[in-house]
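So you can see what is in the structure, the chains are spelled out below.
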Amino acid sequence: MNVPHLISLADLSAGQITELLDCAQRLRPHALSGSSERGVLQGKSVCTLFFEPSTRTRSSFQLAAMRLGADILGFDASHSSGSKGETAVDTMRNLEAMGVDAFVVRTSIDGQLRDLIDAAHDSTRFINAGDGRSNHPTQGLLDMLTIRQHKGRDFSQLKITLVGDILHSRVARSDLHALKTLGCGEIRVCGPQALLPDDATLDGCLRIADFDEAIADTDVVMMLRLQRERMQEGLVSSLQQYHEQYGLDSRRLALAKPDAIVMHPGPMNRGVEITDEVADGPQSVIMAQVSNGVAVRMAVLKTIFGA
Amino acid sequence: MNVPHLISLADLSAGQITELLDCAQRLRPHALSGSSERGVLQGKSVCTLFFEPSTRTRSSFQLAAMRLGADILGFDASHSSGSKGETAVDTMRNLEAMGVDAFVVRTSIDGQLRDLIDAAHDSTRFINAGDGRSNHPTQGLLDMLTIRQHKGRDFSQLKITLVGDILHSRVARSDLHALKTLGCGEIRVCGPQALLPDDATLDGCLRIADFDEAIADTDVVMMLRLQRERMQEGLVSSLQQYHEQYGLDSRRLALAKPDAIVMHPGPMNRGVEITDEVADGPQSVIMAQVSNGVAVRMAVLKTIFGA
Amino acid sequence: MNVPHLISLADLSAGQITELLDCAQRLRPHALSGSSERGVLQGKSVCTLFFEPSTRTRSSFQLAAMRLGADILGFDASHSSGSKGETAVDTMRNLEAMGVDAFVVRTSIDGQLRDLIDAAHDSTRFINAGDGRSNHPTQGLLDMLTIRQHKGRDFSQLKITLVGDILHSRVARSDLHALKTLGCGEIRVCGPQALLPDDATLDGCLRIADFDEAIADTDVVMMLRLQRERMQEGLVSSLQQYHEQYGLDSRRLALAKPDAIVMHPGPMNRGVEITDEVADGPQSVIMAQVSNGVAVRMAVLKTIFGA
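Residues numbered from 1 in each chain as written. Chains lettered and ligands numbered in written order. Predicted model: local features only at pLDDT ≥ 70, side-chain atom pairs only at ≥ 80, totals over all residues.

**Quick word on the relation of the copies chain B and chain A**
Between the two chain copies there is a screw-like relation: a rotation about an axis and a shift along it.
Thought 1: Once chain B is rotated about the relating axis by 120° and shifted along it by 0.0 Å, it coincides with chain A to within an RMSD of 0.0 Å. A rotation of that kind, with that shift, is consistent with a three-fold axis. (Least-squares fit on C-alpha atoms with pLDDT ≥ 70 in both.)

Rendered as structure tokens:
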């Protein structure tokens, strides 16, 4: 499979997504420990170039690269001492000139990755670890892998409900790209009017205002994190009210299919978008998502290097 | 020896402490360099999960894990971008789900480690790298190893003097656990009244108000670090006065046994609790403590993994 | 070659500099990837001890040490939680006691490295990664390597022009040491009067006030970074005016020899000391400097260890 960079799941065909998921599934037993894959990226240098802090995602990529035997360089460009007023392109080109073979990039600027790729050598590889509100493709892939493990490979019969702040969520956008490409039967979205995008993002989705109605008979409930700054921005009136309207608790979960799974990209605001009972309950697959994240990132690293 | 976690030296028998020290002593030649132990923890992932900053202790654990061949993940949860409002348990469980096999935890909250262990899988291992004022067990072990190297294995004939802020010191608490368990002959404590605990911590110890008296004829002088915030809290009137009453200088050291050793857990406030002359003098074993720290941490890592 | 530490290029003979450059040149093919040199420093611990932040230089040393198979410990002493009020010597001695074999030190204090070396064991190795305004010897070496690759090994026929804030630049001082030692034919310096040193630094150099005149017929143009704090200090009136008088653009570059090369130690202030057109143009060797930096640092690490 010729995928030199992973920028957006919108760039991938159903076949390519499936192939990546199959690779991740094969790596799954090795993902969480194992020294059997150490030779795969030996001698390769992978740099986590983060213009925005994210310890969790960085750690997941770091472990994935480590378990494939790569050299890891962590470059934190999120504060000024990292960048010293230099442009992002110059920072990347400097590291490339030091022999970095692949960059894992997190940035708050939508589409910045494209500028970096354009400025880099053809042989340098890039993985998007989250850009602005646009894409978080490895999160999208790990979500699909988690769904597939619990609901099978045929997405056409599935009803999936996404709940919360879709407007500001790169996770939601990547999930929507993947779900549409994989032919998901029904995608329902539910959230405060002010936190739902007006553009083509939700084309093909059912907008259902009432959460009780949106969750009815669904197979998968994907909860999104509520950033607390939405309160200051006046987009959400109070955590209490948000929880009442859009929080997932046991009563609501009982409206979904009996074997419905509950997902959350983390970090969770317990008591806001999700209760402890549900987050830690038998239908939660939230920790499986995290574990699948390492396998998916190993698969993506192998794929971009053609290894 | 079945010690899956190291939480407090109070949990260990004299036999277990001795076994850990023997293991550290055997590793001592390999601890400071050496590639001979690289295979021991190969394929294991060790995470330093620090909710409170401590570069020194983290570095010591990192080198210990590295020299045993483990993969190391540093997770700094001491500032908000690390935790994003997530609970400590959720942060730990996320990293566990990524395949971390053992956590080295530093936290300002007494007993927090127990919550983490309760929430973790049975197979996940924990080492306390300092919690609140309660425990710093690897420091206690490295102190015992240092004493044993200079004074022999029989603690029953030893007089040991602990000086300074015992109230706020997890180091002192761990040393006291170990000294009592190993049957130390006489434990003397000396410090400002406001910095000595009222509870059972000092049971079995001699409280001696005057430092000249407390140090007389002692085998080991353990100085503690004076945190400068004790001044702001009004617990100590001035650095100058503290130094006069509780600072170790050459005159005072001459009151101890001629072959007495001087210890300090670092970092030192030179000129406050200890003078340069003593810190760098022939009776100081402070650097030996640091070196022993790596050996002790290697021994603890091997032991918790049963490796 | 017996070079246990690299403190200043002023300490090295022409023969020693040449030998280091030859070693770097041989390592150049392996410097940017390669696993062929992994065994060279196996079992050695190298610590980047930075009292001043510098992500770029630290990354270059880290990759160099990694590619030689050393264990790397990053110790950031640039903020208080790193040092906790401890002296630099105590911090170094602690890490040395943990088994660090070599320190790569960055500090804002001129000559501080000498204090560290004096306090260390004889067997501990030191590399200066920049101290105050005095020295940045690996930058000097990588600049010489870059010149040699483009202009040959005989420096006696070369005209080299250094432009900008020489007063505050450790890069300029190291370049000047090396250029003089290697017998550079003509060294011209050009910059605002307030940013040129009055002492012996510029002995043997031609001071030329006008940039157009200073660049005429030169083989190498070395631009220096303008720190923005020079404005606040009143040493430079405005970025605009600085650019007009001392900025390198295509018009000025056309005054140099047709095959002149353009160098910059980075990070660049584009539009201030250098235009995009020149920085990214065919005569720029700025990225080659960065790549050579890894090779030079590998050569220095090998040399100090006698490996």
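**Some points on the interface of chain B and chain C**
Many authors give the size of an interface as the accessible area that is lost as the parts come together.
Thought 1: With 22 residues of chain B at the contact, the number on the chain C side is 20 residues.
Thought 2: Counting residues per element, the ones that place at least two in the side of chain B that touches chain C are α2 (55–67) and α13 (286–304) of chain B.
Thought 3: The greatest single-element share of the side of chain B that touches chain C, amounting to seven residues, is contributed by α2(B).
Thought 4: Of the residues in the side of chain B that touches chain C, the class split is 10 nonpolar, 10 polar and two charged. (Contact = placed C-beta atoms within 7 Å. Helix = DSSP H or I, 4+ residues; strand = E, 2+ residues; numbered from the N terminus. Nonpolar A, V, L, I, M, F, W, Y, C, P; charged D, E, K, R; others polar.)

**A closer look at the environment of Gly85(A)**
Thought 1: Inspection of the secondary structure puts Gly85(A) in the loop between α3 (80–83) and α4 (88–97).
Thought 2: Note: C-alpha distance between Gly85(A) and Gly271(A) (186 residues apart in sequence) is 40 Å.
Thought 3: Non-local contacts of Gly85(A), meaning those with residues more than four positions away in its chain, are made with Pro267(C) and Asn269(C).

**Examining the packing of helix α6 (residues 137–151) of chain B against helix α7 (residues 170–181) of chain B**
Residues and elements named next belong to chain B.
Thought 1: Where α6 meets α7, the closest approach of the two axes is 8 Å, and the angle between their N-to-C directions is 55°. By the angle between their directions, the pair α6 and α7 is classed as oblique. In this structure, α6 crosses over α7, and the sense of that crossing is right-handed. Each of Pro137, Gln139, Gly140, Leu141, Asp143 and Met144 in α6 lies in contact with α7, whose residues at this interface are Val171, Ser174, Asp175, His177 and Ala178.
Thought 2: Partitioning the contact of α6 with α7 into residue classes produces five nonpolar, four polar and two charged. (Axes fitted to C-alpha atoms, helices over the stretch in contact; angles between N-to-C directions. Parallel < 35°, antiparallel > 145°, perpendicular 65-115°, else oblique. Left-handed = near helix turned anticlockwise from the far one by under 90°.)

**Let's talk about the environment of Ala88(B)**
Residue and element names in this part refer to chain B.
Thought 1: With respect to the helices and strands, the residue Ala88 is situated in helix α4 (residues 88–97).
Thought 2: Taking the C-alpha atoms as reference points, Ala88 and Gly74, separated by 14 residues in sequence, lie 15 Å from one another.
Thought 3: Residues within four places of Ala88 in sequence aside, it is in contact with Phe51, Gln112 and Leu116.

**Brief notes about the interface of chain B and chain A**
Thought 1: Chain B puts 20 residues into the contact, and the matching count from chain A is 22 residues.
Thought 2: When residues of the side of chain B that touches chain A are traced back to their parent elements, those giving at least two are β3 (71–76), α3 (80–83) and α4 of chain B.
Thought 3: Broken down by element, the residue count for the side of chain B that touches chain A peaks at five residues, all from α4(B).
Thought 4: For the side of chain B that touches chain A, the per-class residue count stands at five nonpolar, nine polar and six charged.

**Quick word on the sheet that holds β3(B)**
Residue and element names in this part refer to chain B.
Thought 1: Across the sheet, five strands lie side by side as β1-β5-β4-β2-β3; this open sheet has parallel pairing. Of all the strands in the sheet, the pair left with one neighbour each is β1 (5–6) and β3.
Thought 2: Looking at chain direction, strand β2 (residues 45–50) and β3 are connected through six bridges and run parallel. Within β3, the residue paired with Phe50 across the bridge is Asp76. (Pairing = 2+ DSSP bridges.)

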